[in-house]
Amino acid sequence: MKLISSEFYKLFVKRRFAVVLILLIVFDTVSFCVSLENRIDLDANSVEVYKTYINEYSGELTHEKIRLIEAEIDERYLNESLKGELERQFASNEITVEEYKSESAILKEKVKGTDGFNRFINAYYDALDNGQYLADSTVWDVLYGNGGIDFTMVIVIILMIIALTVYDEEIGINRLKFSAKNGKSQLISVQISVSCLLSILIPVLIFAGRFFIAKVFFGLNGFENPLNTAKIFEFTQWNLSLLSAYVYLSIIKIAGYVYLAFLTMIIGQVLKSSLYTMFISLVSIYVPAYVLSTVWERYLVPIPSSLLTAVGYFSATEYGSLDVAENGEIIINTFSIEQLQVFFSVVLVTIVAMIITNHILWTKRQSFK
Amino acid sequence: MNSLILHELKKLLSNKILIIVVFFLLFANAFNIYQTNDKYHDKYNLDVNEAEWSLYEIVEGDITSEKTKWLYEYIEKLQAVINGEQEELSSYFLNSHGDLSLATNLLHSIETAIGYGDKIDKLVEENNKQLEIYKQKENGYLIAKAELVNNTYSARQITSFYNVEAYNAYLNYDFSSFLILLIVFLCTASLYAGENETGMLPLMRSTPMGRVTLSNAKLNAMMMFLCIVSILFFVCDFVMFFLCLRLRGISNPVYSMSGFEYSPLVISIGNFMILSSLLKYLGFVCFSLISCVFSSLLKKSYMVLVADFGTCICFMAMSVYSGGGLDYLNLINPINMLLCRDMFSTFNVVNIFDTPVFRYIISFICTALFVCILSVFINLLNNTNSTTKRCRK
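Residues numbered from 1 in each chain as written. Chains lettered and ligands numbered in written order. Predicted model: local features only at pLDDT ≥ 70, side-chain atom pairs only at ≥ 80, totals over all residues. Heavy atoms only, no water.

Engineer: How would you explain the overall build of chain B if you had to name every residue and give the values?
Structural biologist: Broken down by element type, chain B carries 17 helices and four strands. A compact globule built from 393 residues should have a C-alpha radius of gyration of about 21 Å, whereas chain B, at 27 Å, is more than 25% larger. Its C-alpha atoms put chain B at 100 × 60 × 35 Å along the principal axes. Residues classed as buried in chain B amount to 48% of the 393 residues present. Considering only contacts in chain B between residues 6 or more positions apart, those separated by 24 or more positions represent 76%. Accessible surface, chain B as shown: approximately 19,700 Å² in total, 61% of it carbon and sulfur. Averaging the locations of the 29 positively and 34 negatively charged side chains of chain B gives two centres separated by 21 Å. (Helix = DSSP H or I, 4+ residues; strand = E, 2+ residues; numbered from the N terminus. Rg over C-alpha atoms; globule rule 2.2 N^0.38 Å. Buried < 20%, exposed > 50% of the residue type's maximum accessible area, 1.4 Å probe, protein only. Contact = heavy atoms within 4.5 Å. Areas by Shrake-Rupley, 256 points an atom, 1.4 Å probe, with all protein chains shown as cover. Lys, Arg positive; Asp, Glu negative; His and termini not counted. Charge placed at Lys NZ, Arg CZ, Asp CG, Glu CD.)

Engineer: Give a description of the pairing of strand β3 (residues 349-352) of chain B that names residues and reports values.
Structural biologist: All names here are of chain B. Pairing of β3 with strand β4 (residues 355-358) involves four bridges; the strand directions are antiparallel. Residue pairing across strands places Val349 opposite Phe358, the latter belonging to β4. Between the antiparallel neighbours β3 and β4 lie two residues, among them Phe353 with a positive phi of about 50°. (Pairing = 2+ DSSP bridges.)

Engineer: Please provide a residue-by-residue account of helix α12 (residues 274-291) of chain A, values included.
Structural biologist: Side chains that are three or four residues apart share a direction in an α-helix, a result of its 3.6 residues per turn. With 18 residues, α12 of chain A should cover 26 Å at 1.5 Å per step; its first-to-last C-alpha distance of 26 Å lies within 8% of that length. The element α12 of chain A is largely enclosed, with a buried count of 13 among its 18 residues. (Expected span 1.5 Å × (residues − 1).)

Engineer: Go over the interface of chain B and chain A, please, and point to the residues and values.
Structural biologist: Opposite the 27 residues of chain B that make contact, chain A presents 21 residues. Overall, the association of chain B and chain A removes approximately 2,100 Å² of surface from exposure, summing both partners, and the carbon and sulfur fraction of that is 81%. At the junction of chain B with chain A, the criterion picks out zero salt bridges. Those elements that provide at least two residues to the side of chain B that touches chain A are α2 (16-43), α8 (175-198) and α12 (301-320) of chain B. The class makeup of the residues in the side of chain B that touches chain A is 19 nonpolar, five polar and three charged. (Buried area = accessible area lost by both parts, 1.4 Å probe. Salt bridge = Lys/Arg side-chain N within 4 Å of Asp/Glu carboxyl O. Nonpolar A, V, L, I, M, F, W, Y, C, P; charged D, E, K, R; others polar.)

That is the geometry; function is a separate question.
Here it is, written out as C-alpha cells:
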C-alpha cells in the first residue's frame, strides 16, 4: 500500500503529472463544449422550437404521430406563406401600418425559430428512412466522435508512462531501486498495476465527464433509442441502444489506451529514452491509422489505433464502412459476433502478454553492484 | 567551423534509431502511395483504365487537327455501330459503348484544352473594361492590379494534351510532409535539450567555440540532414506516383491542370514541382527552427516533442480559420509553405503601399525573414552564460 501511494506521489507531485491531468480535463471540457455549440449552431429561439417539437414527438413514429407532424408542417408553411402575403400587402399599401403590425406580430410568433423547425423536419424525414424512430441525435453524434484518435489523450497516456517508468530507467535510478529489498518483485508489480489503473481511470474520467456535460448542459436524452437514430451509425445493423453503444465504445477505447500504455512501457524498456519512446509510440499509433485508413479490415488488426477509433466496430458512416455496388446499392461492411469475439480475445491475450513481457524485461535487469 | 558542422552531421547520421525511423517511414510512405493508388485503380475497373490509356496514347502530345479529326471520326463510327447503321468494328479498345464513352470524354478534355486560350482572352477582355473604369476613378491600386492581371494572363495557350490529372494527386499528397515533420521533430528535440539532459551543456559552453559557433554548426548540420531526408522523400513520392499513376506531360504548363487554370505562374509542371519542393523545404526549416527554440528553452527533450506537436496543431488551426489579424499571421505560417499549391492556384494579391504584390511572394519573404529571426534568437538563447553561473553555485 505504501509503495502504491509513493508511486502516486512521485507521479502526481514530483513529476507534476497532476498539472498535465488538470490541463487535459480543462482542454477536453472546453473543446467538447465548443464542438457541441458548433454542431447545434442555432439561435436561442430555434433551439427552443427544436427541443419543443423533438420532446413532443420523439420515439417510435406511429400513424397518429405522422399525421400530427404532417399537420404541423402544413400549418407552419401556411403561416409562412401568410406572412409573405402580409408583407406583400403592406409593401403595396393594401393594408395600414397598424393592421400590419398587429397581424405580423401574431404570425412572427407562429413562425419563430425557423432553423430549429427545419432541423426537426430533417430529423423527421431521416426517421421515416431509418425505420420510423425519431430522436435528437445531435449531441449523441458529438459524443460518439468522428472516428478519429484523441491526440491529447494519447499524449497524456504516453507522458504518464514515461513519468512513471521510462524516466527512471533513463536517469539510472532503476538500478538503485532494483537493488532494494522489494525493488525487483513488489515494486515492478506496483508500477505495472498503477500504470494499468491510471490508463483505465483517466479515460473513464474523460468519457464520464463528457457524458455528464452532454446530459446536464446540453439535454442529452433518448438513452434507449436504437443506435441507427445517431447520424454516424445511420447504416448500422447492430441492435443496440444509444447508451449501451456508448458504453461499449468507451470500453473498447479504454482497452486501446491500456494497450497503448503497455506498448509504450515495452518501447521504453527497450530504448531507455523518453524522447524515442514518445516518438515511436506516437508513430505506432498514427502512421498505421493513416496508412490503413482506407482499409475496412484495419479494425481486425490487433493494434492500438484500431481500438482507439472504435466506431467502425458498429459500422459507422465513415470511409471504408460503406461501399457502393455497381447497381448503386449501398453495401454496409459489418463484422460478425464471432469475428469480434476472436479479435477481442486476441487483443486481451496481447495485453496480458505485454504485461508479462514488461515484468520479465524488468526482472532480468542487473541490480546495482 | 566546417569540421564542427561535419561532426554534428556525423552525429545525426550515426544515430541508429534516427536512421531506422527514416527508412521505416520512407517505406510506410511508399506503401501508402502504392495501396492508395492501387485501390483507386481497383475501384474503377482495370480494363477500363487500360482501354482509356490505349486510346489516350493515340492522341497525347501536340494537339493537331489530325488527332481531333481521328477522334471525331471514331466517335461517329461508334455511334453508327450502336445505332445499327454500321457493322461492328474489327477491334475495340473496350467495347462499342465503352469506347464511345471514353472517346467522348477524351474529346471533351482536348476541346477544353484548345478552348483555354479563348477563355483566358475573354477574362483579359473583361479585365480591360474594368481597367477603363478604374482609370476614370483614378484608383492607383486597382489600376495596377488590373494591369498585373493583363500581364499575367495574356497570350496563354495549351498546345499539347496530356493526362495531367495525376499531377493533382501528386501535388495534393501530404502524407510525406507529415512524415518529414515527424523526423524533423525527432531530430531537433534532442539537439540542444539532449546536451542539457546528459550534462554536457556546461562543459561545451566553457569551450571557446561552445556557444554561437557550436549552435550555428548544429543548425547547419540539422538543415543539411533535413535536406537529405527531404530529397529522399520527394524522390520516393515522385517515383511511386510515376509508377502507380503514369505521370505524363511534365513539360505542360501548370495552368493545364484542373484547379490551376487561373494560376499566376507561367512555368511547366516539372518546374512547379521543384518550386513546391523548395518551398516545402523552407517550411520544414521553419518548423525545425521553432523546435530548436523549444529545445534551447526546455530541459527535457520529450517535452520539446510535445511542444512541437502543440505548435504544429496551432499553425494548422491558424491556416484553417482565416480572417482579421489571422490573415497577417498566416503570412509567416510555415503550414502555408507545406500546402503551397493553394497559394499558386488562384490570383491572390496583397496591397503593399498601393502596389499589388502576389501573396506567395509576400509569404515567402515573411517566412524567410521569420527563419532568419529564429536563427538569431536561437543563437542568442545559446549564448547566455546563465547555465555556467548555475554550475558555479
